[in-house]
Amino acid sequence: MEVINSDRFLLILFVVGHQLYESGSTAADGCLELHPNRVVVRHGDPVSVNCTVSTNHSGMGWTAPVDDVPNTPGVQFLTWRVESLKIWDLGPLCFANRPGKAQCKERLSVTVYKPPDSVSVSSVNSTDSMVEGSQYQLKCEIQNIAPVQNLTVKWYKGDTLVHEDRDYVIEDGKSDREKAPVSVSSTLLITPSRADDGAEYSCEAELDLGPEGPQPPLAMKSTPLNITVHYPPKIKVGQDNVTVSQGGTVSLSCSAEGKPPPQVRWSYIDAGNVRVTSSGGSSTAVIAEASSANEGFYNCTATNRLGSDTATVFVTVTRTSTSPPPDTTTVFVTVTSTNPLPDTTTAFVTVTRTSPLPDTTGPQILTKIPGPSGPAPWIISVLVAMVVTVAVICICFIYRKFIKKSGSQPV
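### Observations regarding the overall build of the protein chain
- Looking only at helices and strands, the protein chain features two helices and 30 strands.
- Put simply, the protein chain has 411 residues, and 31% of those count as buried.
- Across the protein chain, every contact between residues at least 6 apart in sequence was considered, and the portion connecting residues at least 24 apart equals 62%.
- Entry remark: accessible area of the protein chain is about 26000 Å², with carbon and sulfur atoms responsible for 55%.

### A short note on the sheet that holds strand S24 (residues 274-279)
- Spatial ordering of the open sheet is given by S11-S20-S22-S25-S24, a layout of five strands whose pairing is mixed. The open sheet terminates on both sides in strands that have one partner only, identified here as strand S11 (130-131) and S24.
- Here two bridges tie S11 to strand S20 (residues 229-235), and the two strands are oriented parallel to one another. In the strand pairing of S20, Val 131 is matched with His 230.

### Section: the sheet that holds strand S8 (residues 104-107)
- Spatially, S5-S4-S7-S8 is the arrangement adopted by the four strands of the open sheet, whose pairing is antiparallel. Each edge of the sheet is formed by a strand with only one pairing partner; in this case those strands are strand S5 (69-72) and S8. Averaged over neighbouring strand pairs, the angle between their axes works out to 15° when direction is ignored.
- The sheet contact formed by strand S7 (residues 93-97) and S8 spans four bridges and is antiparallel. By the bridge assignment for S8, Cys 94 is matched with Glu 106.

### Considerations on the pairing of strand S27 (residues 307-318)
- Pairing of strand S21 (residues 241-245) with S27 involves five bridges; the strand directions are parallel. Opposite Thr 243, over in S27, you have Thr 316 as the bridge partner.
- Pairing between strand S26 (residues 296-304) and S27: nine bridges, direction antiparallel. Bridge pairing links Phe 297 to Phe 314 in S27.
- Connecting S26 to the antiparallel partner S27 that follows it, the hairpin turn spans two residues.

### What about the state of the cysteines?
- In total, this model carries four disulfides according to the counting rule given.
- Covalent S-S linkage joins Cys 31 and Cys 104, the inter-sulfur distance amounting to 1.6 Å. Placement of the pair is Cys 31 in the loop between helix H1 (6-23) and strand S1 (32-35) and Cys 104 in strand S8, with a sequence separation of 73 residues.
- Each sulfur in the disulfide pair Cys 254 and Cys 300 lies 1.8 Å from the other. What sets the handedness of the Cys 254 and Cys 300 disulfide is the S-S torsion sign, and at about -80° it is left-handed. With Cys 254 in strand S22 (residues 250-259) and Cys 300 in strand S26, the pair connects residues that are 46 residues apart, well separated along the chain.
- Disulfide partners in the protein chain, listed by the sequence order of the bonded cysteines, are 1-4, 2-3, 5-6, 7-8.

The rules behind the values
- Residues numbered from 1 in each chain as written.
- Predicted model: local features only at pLDDT ≥ 70, side-chain atom pairs only at ≥ 80, totals over all residues.
- Heavy atoms only, no water.
- Helix = DSSP H or I, 4+ residues; strand = E, 2+ residues; numbered from the N terminus.
- Buried < 20%, exposed > 50% of the residue type's maximum accessible area, 1.4 Å probe, protein only.
- Contact = heavy atoms within 4.5 Å.
- Areas by Shrake-Rupley, 256 points an atom, 1.4 Å probe, with all protein chains shown as cover.
- Pairing = 2+ DSSP bridges.
- Axes fitted to C-alpha atoms, helices over the stretch in contact; angles between N-to-C directions.
- Disulfide = S-S within 2.5 Å.

Given below as structure tokens:
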């Protein structure tokens, strides 16, 4: 069995006694009634509450840290009134004395509040600009607000609520049970992107004091903190391939987003006819009177202190021809010779032209010019003479041989 030491025993007695006191604050028969039974009052404002008794009594009164009302006989209600309430923690008690019975008691719930003196937001680890992808801490400072138990710190990005904080830090080592004003701070971690450049962050101190308090709940918002986000360049996607006719003109455009504004430049094989102009985060390369020397890769590079980005365009130069392509046509042709002996030949002839042929039908007649392909007339005469001479010699030989065999003498 556990032995309870003296300190723990005293603590238990205190808790039990406090509970008995609170349970006895209202009579069992409800002989007292407060109007209203709970008040929320701004620090320094007036307050008044009526206490009404519904049973016979020898006197009634109010006990309070300020402006208490002494026991007053012969009345059925009694008002506790304060012209300027400046006490933070108080619990006025209305009582009525009954002869031979327990005293009637009713404790009034009073909440004294105070709006903050100021609400401000700042960046803890950045005074100038933020870098995309890095983490930063924003701090909201709320000065002299009460009661801290009813405080909620709200964080906004623009008009959008991004975080609610009740785990804030109370300055000066004070407790969250403090009734008097305290100063608190709340932090918000952010990892900004390029889309957050120029975004506004603010914080708000909201006191929700219930239905008896101000409606809507009392709130004070800080002046927005405008953040600047730096980020590396990103080239806007354009054409990967461009075609230009020989002798023509073409423009290559390149633009990039980045902060600080990037420098944009082109790199290419210079043919002497390329002109580059740049302005801000964009640059244009113009190729005039394009030739085959301009064909190839053109690289656009955007650079700032946080990085770079490169895009490539391939330029194709097409050639042009001044004459139409050759046209080959196969036709039938009749060739006629002018030699003494007519010679007519039909053959296939392939004709190559650089201009359209006339539209014709049927075979085409060509006259054959005399040439080495046929024998000359004098050659024919010589051949005929040689044939005649040979024939005469042969006849003479045969004739002499015939005479000798027959024995006759020549005359």
